Amino acid sequence: MIKAAFFDVDGTLLSYKTRQVRPSAKAAIAALQAQGILCIVATGRHMIQLSKLPVTDIPFDAFLMLNGQLILDKQLNVLYDMPIQGKAKEFLIEKFSDHTYPALIIEQDDM
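Residues numbered from 1 in each chain as written. Predicted model: local features only at pLDDT ≥ 70, side-chain atom pairs only at ≥ 80, totals over all residues. Heavy atoms only, no water.

Draft legend 1. View of the sheet that holds strand 4 (residues 70-73). Read across the sheet, 5 strands follow the order 1-2-3-4-5 without closing on themselves; strand pairing throughout is mixed. At either end of the open sheet lies a strand with only one pairing partner, and these are strand 1 (4-7) and strand 5 (78-81). Looking at each pair of strands side by side, their axes are set apart by 15 degrees on average, direction ignored. Bridging between strand 4 and strand 5 involves 3 bridges; their strand directions are antiparallel. (Pairing = 2+ DSSP bridges. Helix = DSSP H or I, 4+ residues; strand = E, 2+ residues; numbered from the N terminus. Axes fitted to C-alpha atoms, helices over the stretch in contact; angles between N-to-C directions.)

Shown next, in the form of structure tokens:
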């Protein structure tokens, strides 16, 4: 029995060509949910980015964000997070502070 279906955003739900979600994809998600199957976004994106895409009208059951580092329920409550902390965080900030390498630091509520 299928309990959950996971959906990538870029190139899967969201067309690279039209930058829209096809109506058939929205209908398929609704049909899965009608059968009691959880529909979950699985993306490398941050919620700030996702909220600017035309997927906000799809009532997902959960959000697996930042390649699994942050998992939220449908009300955006944190179910799991794995932030980089301590010496590893300090090391990365020090390494990237000289701007030799392009870097973006992503936190739960900010980028």
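Draft legend 2. Layout of the pairing of strand 3 (residues 62-65). With 3 bridges connecting them, strand 2 (residues 38-42) and strand 3 associate as parallel partners. Paired with I40 across the two strands is A62, which belongs to strand 3. Looking at chain direction, strand 3 and strand 4 are connected through 4 bridges and run antiparallel. Each residue of the ladder has a partner; that of A62, found in strand 4, is D73. Here strand 3 hands over to strand 4 after 4 residues, with L66 in that stretch at a positive phi of 50 degrees.

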